[in-house]
Amino acid sequence: MTIHKTNREILLSAIRLEPAPRTPVITLSSGVWAAGRFGLSLQDLFTRPSGEMAECILSNVKGLDLDLVWTAADCNNIVLKALGAKTTFCVAGSASTVDEPLVGDISDIEGLNVENIENCPGIQNLLAVTRILKERAAGSYLIGVSQWGPLTLAGQMTGIERLMRLIVRDRQGINHLLDFAEQVILKYLGLFRQAGAELICISEPSASGDMISRRLFESTVLPHLQNVYHQIHADAKMLHICGNTRKILDLIPPTGADLFSFDYKVPVSAAVLGGKMAFAGQLDPVSVMLEGTPEDVRHAAETCIREAEGTDGYVLMPGCDVPPGTKSENVLAMVEAAHNSKGDNQ
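Calculation criteria
For every chain, the first residue of its written sequence is number 1, and the numbers climb from 1 along that sequence. Restriction of local features to residues with pLDDT of at least 70 applies here, the model being predicted, together with a cutoff of 80 or more for giving and counting side-chain atom pairs; totals for whole chains, interfaces and linings are based on all residues. No hydrogens and no water enter the side-chain calculation; it runs on all heavy atoms of the structure. Here a helix means four or more residues in a row that DSSP labels H or I, a strand means two or more in a row labelled E, and each is numbered from the N terminus. The globule rule is 2.2 Å times the number of residues to the power 0.38, and the radius of gyration it is compared with is taken over C-alpha atoms. Partly exposed describes any residue whose relative accessible area lies between the buried limit of under 20% and the exposed limit of over 50%, with all areas from a 1.4 Å probe on protein chains only and scaled to the type maximum. When checking whether two residues touch, look at their non-hydrogen atoms; a contact exists if any pair is within 4.5 Å. All accessible-area figures derive from a Shrake-Rupley calculation using a 1.4 Å probe, and residue coverage is judged against the displayed protein chains alone. A residue counts as positive if it is Lys or Arg and as negative if it is Asp or Glu; His and the chain ends are not included. A charged residue contributes its charge at one atom only: NZ of Lys, CZ of Arg, CG of Asp or CD of Glu. Salt bridge criterion: a side-chain nitrogen from Lys or Arg within 4 Å of a carboxyl oxygen from Asp or Glu. Of the two site types, the cavity is a set of points on a 1 Å grid over the protein atoms alone where a 1.4 Å probe fits but cannot get out, and the pocket is an open set with protein on both sides within 12 Å along at least five of seven lines, each lined by residues with an atom within 4 Å of a point. Grid points are joined across faces, edges and corners, and a volume is the space filled by probe spheres set on the points. Note that Gly is not counted as nonpolar here; it falls among the polar residues with everything else outside the nonpolar set of Ala, Val, Leu, Ile, Met, Phe, Trp, Tyr, Cys and Pro and the charged set of Asp, Glu, Lys and Arg. Whenever a nitrogen or oxygen atom comes within 3.5 Å of another N or O atom, the pair is scored as a polar contact, on the condition that within protein one atom can donate a hydrogen and the other can accept it, and that pairs from neighbouring residues in sequence are kept only if both atoms are in side chains. In a helix, the anticipated span is given by 1.5 Å times the number of residues less one. Axes are fitted to the seven residues ending at a residue and to the seven starting at it; the angle between these axes is taken as the bend at that residue. The definition of a nonpolar core used throughout is a set of buried Ala, Val, Leu, Ile, Met, Phe, Trp, Tyr and Cys residues joined through side-chain atoms within 4.5 Å. Should DSSP find at least two bridges between two strands, the strands are regarded as paired. All axes are obtained by fitting lines to C-alpha atoms, using only the stretch in contact for helices, and the reported angles, taken between N-to-C directions, cover 0 to 180 degrees. Stacked, tilted and edge-to-face are the three classes assigned to paired rings of Phe, Tyr and Trp, where Trp is represented by its six-membered ring and a pair needs centres within 6.5 Å; plane angles under 30 degrees give stacked, over 60 edge-to-face, the rest tilted.

A. Quick look at the overall build of the protein chain. Helix and strand counts for the protein chain stand at 14 helices and nine strands. Relative to the 2.2 N^0.38 estimate, which gives 20 Å for 346 residues, the radius of gyration of the protein chain is 19 Å and therefore close to what a compact globule would have. With respect to the three principal axes, the spread of C-alpha positions in the protein chain is 60 × 45 × 35 Å. Residues classed as buried in the protein chain amount to 59% of the 346 residues present. By sequence separation, contacts in the protein chain at least 24 residues apart represent 72% of the contacts at least 6 residues apart. For the protein chain, the exposed area adds up to about 13,700 Å²; of that, 48% sits on carbon and sulfur atoms. Distance between charge centroids for the protein chain: 1 Å, based on 29 positive and 40 negative side chains.

So, in C-alpha cells, the structure goes:
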C-alpha cells in the first residue's frame, strides 16, 4: 500500500537521512526571482500587506510543487537596514544592496543596537507574513528562512575588501566583528523561529574556497557557524556555501548543520559527505536554469539524481538562487525530474 506523504514529510525524511518516496526538490531562497514572477520587488515583500505577500509566496510554491516555502527570501540585508545602514531594496528583478559601509572602524560596533532588529517595521511585516504562512501551510510544508553567515554578514557591514584586510592584519578586530555578526544572526533567526519558521539556513558565500583558504575557514568561520547552529533550535538547519568547497567538505558536518547546499562546481558524488548529513544541489543556476531549455534542465536534474542514487539525504536544487529572468518552465522541469524519481521505499 502506498502511503501519501506531504511535501514537508518528504523533505524532512531526506534531511533526517531516512528513505523518501521520491527526491525532494527546493530552491535556495530565490526571493528576487519569485517576487519578479508577480511584478514585485524585495521591498514589496516587507511593505505591502502581509496577507497579500503570504498568498503570493504560497501561490508560487504550490504552482511549482516545490517542497519548501521560503519566508523573507533574499531579504537578508534588512538586518543592516534595521541597524542604520543605507540600503536599496526597491528595484524589481534586482538583489538588495548595501550602499555604504555600516562599520567603517571596528569601534563603530559599539554604537549599534541589536534590539533595533526587532523594532524594524519591515522585519515586523516579514514576521507577520511568516505567521500567516505557518497557518496557511497547515503542516503541509516546512517554512524556511535564511540569513547571511557571520563572515558574509561582516563583509556586508564593512565591505568585502576591508573584511579581507582585517582577516590578515587584525585578528582581534575580525573576531570582534564576527562576534557581533553572530549576535545579529541569532537575533534575526530567533524572531523568525518564534513566528513559525522551522528550517533555518545560513548562507555563507564569502567562505567559498574561491575566496578563502581551508585554514581560514577552519580557524575563522567554522567556530562561529558552530556557535550559531548550537544556539538555534529548529526542525532543520541548512548551510549554503557558493563556489568550490571541495577542500572543506570534511569540515561541513562539524558545523552542526543538517543539510549542506553546494554549488555546481562540486560534483554530486563528492558532496555525499560519507552519509553524515543531507546534501542539496547542484544545477548550474546560469548555464542550465537561466540559459538552458526545459529539456536541458530535465537532463541535468536526472543526472544529479542518478549520481546520488544509493545514498539517503539527497535534495535536488539549483546550486544557488534561481536567477531573475529564469523561465518558470525550467523550474517546473527540475520539479518534474524529482517527482518522477523513485525513492528507496517504493
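Moving on from the model shown.
B. Looking closely at the pattern of salt bridges. The tally for this structure, following the rule as stated, stands at twelve salt bridges. The network of salt bridges with common partners includes Arg 8, Lys 134, Glu 198 and Asp 235.

C. Up close: unusual backbone geometry. Residue Gln 282 follows Gly 281 across a cis peptide bond; omega there is -10 degrees. Checked against the element boundaries, Gln 282 lands in strand β8 (residues 278-283). Even without a glycine there, the phi angle at Ser 30 is positive, about 60 degrees. The residue Ser 30 is located in the loop between α1 (7-15) and α2 (31-36) in this model. Classification of Ser 30 by relative accessible area gives buried; the value is 1%. Look at Asp 65: it is not a glycine, yet its phi comes out positive at around 60 degrees. As for its placement among the helices and strands, Asp 65 is situated in the loop between α4 (50-64) and β1 (68-70). When its relative accessible area of 31% is taken as the criterion, Asp 65 is described as partly exposed.

D. Here's a closer look at the layout of surface pockets. In this structure, the largest pocket spans a volume of roughly 480 Å³. Taken together, 24 residues form the lining of the largest pocket, with Asp 74, Ala 95, Trp 148, Cys 320 and Asp 321 sitting closest to its centre. The residue makeup of the lining of the largest pocket, split by class, is eleven nonpolar, eleven polar and two charged.

E. A look at empty space enclosed by the protein. Counted under the stated rule, the structure contains one cavity of 30 Å³ or more. As a volume, the largest cavity reaches approximately 250 Å³. Every residue lining the largest cavity is counted, 24 residues in all, and those nearest its centre are Ala 34, Ile 57, Asn 60, Trp 70 and Ala 73. For the lining of the largest cavity, the elements supplying multiple residues, two or more each, are α2, α4, β1 and α7 (121-137). Of all the elements, α4 adds the most residues to the lining of the largest cavity, at five residues. When its residues are assigned to classes, the lining of the largest cavity shows 18 nonpolar, six polar and no charged.

F. Focus on the side chain of Ser 96. Secondary-structure assignment places Ser 96 in the loop between β2 (87-88) and β3 (97-98). Looking at Ser 96, its side chain comes within polar contact range of the side chain of Asn 77, at 3.0 Å. Among residues more than four places away in sequence, those in contact with Ser 96 are Leu 42, Asp 74, Asn 77, Thr 88 and Phe 89.

G. Examining helix α11 (residues 214-231) more closely. When the terminal C-alpha atoms of α11 are compared, their 24 Å separation across 18 residues agrees well with the 26 Å that a helix rising 1.5 Å per residue should span. Considering bend angle alone, the principal kink of α11 is centred on Val 221 and spans about 45 degrees; proline Pro 223 follows within four residues of it. Along α11, the residues classified as buried are Leu 216, Phe 217, Thr 220, Val 221, Leu 222, His 224, Leu 225, Val 228 and Tyr 229. Here the buried face of α11 lies against α8 (150-158), α9 (160-169), α10 (171-195), β5 (199-203) and β6 (236-241).

H. Here's a closer look at the nonpolar core. Ile 117, Leu 177, Tyr 188, Phe 217 and Leu 316 are the most contacted members of the largest nonpolar core, which totals 114 residues. When neighbours within four sequence positions are excluded, Ile 117 is seen to be in contact with Val 79, Ala 82, Leu 83, Ile 123, Val 184, Lys 187, Tyr 188 and Leu 191. Grouped together as the second largest cluster of nonpolar side chains are 19 residues, Ile 26, Ala 73, Leu 259 and Ala 280 included.

I. Seen up close, the sheet that holds β1. In spatial order, the strands read β1-β4-β5-β6-β7-β8-β9; together these seven strands make up an open sheet with parallel pairing. Since the sheet does not close on itself, it has two edges, and those belong to β1 and β9 (314-318), each with one partner. Looking at each pair of strands side by side, their axes are set apart by 25 degrees on average, direction ignored. Examined bridge by bridge, strand β7 (residues 259-262) and β8 share three bridges and lie parallel to one another. Within β8, the residue paired with Ser 261 across the bridge is Ala 280. Against the sheet, α7 touches β1 and β4 (142-148), its axis set at about 155 degrees to β4.

J. Highlighting the packing of aromatic side chains. Applying the stated rule across the entire model yields five aromatic pairs. Ring-pair connections join several aromatic residues into one group, and the members of that group are Phe 260, Phe 262, Phe 279 and Tyr 314.

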